[in-house]
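Chain and residue survey
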Amino acid sequence: MTTEESVAHDGDAGVPGSLAVVLGDVAAERAAQDAKWGIQAIPDGTGAEGAVAEADRARQETEEAARHGELTWRHILREEVLEAFAESDPEALRTELIQVAAVAVKWAQALDRRPEATRESRPERFRAIVDVHVMLVRDGTVLLGKRAGTGYGDGQWHLPSGHLEPGESVVGAAVREAREEVGVTIRPEDLAFAHVMHRAPDRVGLFFVARKWTGEPYNAEPHKCAALAWRPLDRLPDDTIGYPAEAIARVLEEEPFALYGWPAER
């Protein structure tokens, strides 16, 4: 395969970073939906009478449009959506939904690749900075680190945490931060999502609780951390950074969402 063919088939439409940008937008939207609606267990509502015929008509329309050089993203996405609506088997439905999501992402990438003049005519979408925080909990205590030499919150206590990196899931980021900062290995299935906090003006923090891990925590980044300490969940040090202290309190109250630093809603 030539270099040109490789670029054309690298899953990113030959535009470095574009897939990561769109998936990052999707992850931010999912976090916002989860914060608003929580985990939703509702019926599929698919497989209704006539759905297969409707999907077949959409497929025929897509093929007809392609033959006449009139194919649009609407044709492709509509066909995928209606094929999903026609499925009642959960496994087949999941496959169709993944195809729907893939086409939607590809369409968003196509919008991003349009000429700069077109993009400049659209208002720039807000992008939040996403960070993850890991609460290692043992016998009613939580592991905190005293920040040092970072330029933010130095001398104060904080949870193991860090920014989400491009192309990284929030669970993967939590596993990575725990390993990098306190030297423990956490299996993804041992992380429990506990809280999301929208901090003014542009931060979304996701907080995970872990009660099982491999290895004894230690200060793996002494250039960024002066000390580690286990502190009671309900009696944090007075010099704990404000927003993680607030988030831990919300976790204890089993509150899944909070705003921080925003003016009071009227």
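Residues numbered from 1 in each chain as written. Predicted model: local features only at pLDDT ≥ 70, side-chain atom pairs only at ≥ 80, totals over all residues. Heavy atoms only, no water.

1. Digging into the nonpolar core
- Among the nonpolar cores identified, the biggest contains 21 residues, and Leu-136, Val-184, Ile-186 and Leu-191 are the most heavily contacted of them.
- For this core, the secondary structure elements donating two or more residues are α2 (18–37), β1 (129–138), α7 (170–182), β5 (191–199) and β6 (203–210).
- With 5 residues, α7 is the largest single contributor of residues to this core.
- One finds Val-137, Val-142, Tyr-243 and Ala-247 within the second-largest nonpolar core, a separate group that totals 19 residues. (Core = buried A, V, L, I, M, F, W, Y, C linked by side-chain atoms within 4.5 Å. Buried < 20%, exposed > 50% of the residue type's maximum accessible area, 1.4 Å probe, protein only. Helix = DSSP H or I, 4+ residues; strand = E, 2+ residues; numbered from the N terminus.)

2. Side note on the side chain of Glu-79
- With respect to the element layout, Glu-79 can be found in helix α4 (residues 73–85).
- Setting aside residues up to four positions removed in sequence, Glu-79 forms contacts with Ala-58, Arg-59 and Thr-62. (Contact = heavy atoms within 4.5 Å.)

3. Side note on the packing of α2 against helix α5 (residues 90–112)
- Packing of α2 against α5 leaves a shortest axis separation of 10 Å and a crossing angle of 120°. Classed by the angle they form, the pair α2 and α5 counts as oblique. In this structure, the crossing between α2 and α5 has a hand that is right-handed. Here α2 contributes Ser-18, Leu-19, Val-22, Leu-23 and Val-26 to the contact with α5, which in turn contributes Val-105, Ala-108, Gln-109 and Asp-112.
- For the contact of α2 with α5, a count of residues per class yields 6 nonpolar, 2 polar and 1 charged. (Axes fitted to C-alpha atoms, helices over the stretch in contact; angles between N-to-C directions. Parallel < 35°, antiparallel > 145°, perpendicular 65-115°, else oblique. Left-handed = near helix turned anticlockwise from the far one by under 90°. Nonpolar A, V, L, I, M, F, W, Y, C, P; charged D, E, K, R; others polar.)

4. Digging into helix α3 (residues 51–67)
- Its 17 residues place the ends of α3 24 Å apart at the C-alpha level, agreeing with the 24 Å of an ideal helix rising 1.5 Å per residue.
- Burial in α3 covers these residues: Ala-51, Ala-55, Ala-58, Thr-62 and Ala-65. An end-on view of α3 places all buried positions within 85° of arc, on one side of the element. Turned more than 90 degrees away from the buried face of α3 sit Gln-60 and Arg-67, all of them exposed.
- If you follow the buried residues of α3, they end up packed against α4.
- Directly after α3, the chain includes Gly-69, whose backbone phi takes a positive value near 70°. (Expected span 1.5 Å × (residues − 1). Arc of directions from axis to C-beta.)

5. Digging into a nonpolar patch on the surface
- Together, Phe-257, Leu-259 and Trp-262 line one region of the surface with nonpolar side chains, adding up to about 260 Å² of accessible area.
- Topologically, Leu-259 is positioned in strand β8 (residues 257–260).
- Leu-259 sits in the partly exposed class, given a relative accessible area of 37%. (Patch = residues over 30% accessible without salt bridge, like charges linked within 9 Å, V, L, I, M, F, W, Y side chains within 5 Å. Areas by Shrake-Rupley, 256 points an atom, 1.4 Å probe, with all protein chains shown as cover. Salt bridge = Lys/Arg side-chain N within 4 Å of Asp/Glu carboxyl O.)

6. Describing the confidence of the model for the protein chain
- When pLDDT is averaged across the protein chain, the result is 89; 89% of the residues are at 70 or more.
- In the model, residues 1–10 has pLDDT below 50 throughout and makes 3 contacts with residues more than four positions away in sequence or in other chains. (pLDDT = per-residue confidence, 0-100.)

7. Considering the pattern of salt bridges
- What the rule picks out here adds up to 20 salt bridges.
- Note that Arg-67 and Glu-64 form a salt bridge whose closest N and O atoms lie 2.3 Å from each other. Residue Arg-67 and its partner Glu-64 are located together in helix α3, separated by 3 residues, close to a single helical turn.
- In this structure Arg-67 comes out as exposed when scored by relative accessible area, which is 58%.
- The salt bridge partner of Asp-239 is Lys-146, with a shortest N-O separation of 3.9 Å. Remark: Lys-146 occurs in strand β2 (residues 141–147) and Asp-239 occurs in the loop between β7 (225–232) and α8 (242–252); sequence separation between them is 93 residues.

8. Brief notes about unusual backbone geometry
- Along the chain, Ala-200 connects to Pro-201 via a cis peptide bond; the corresponding omega equals 0°.
- Relative to the elements of secondary structure, Pro-201 occurs in the loop between β5 and β6.
- The backbone of Asp-139 shows a phi angle near 50°, a positive value even though the residue is not glycine.
- Mapped onto the elements, Asp-139 comes out in the loop between β1 and β2.
- For Glu-254, which is not glycine, the phi dihedral falls at a positive 60°.
- The residue Glu-254 is located in the loop between α8 and β8 in this model.

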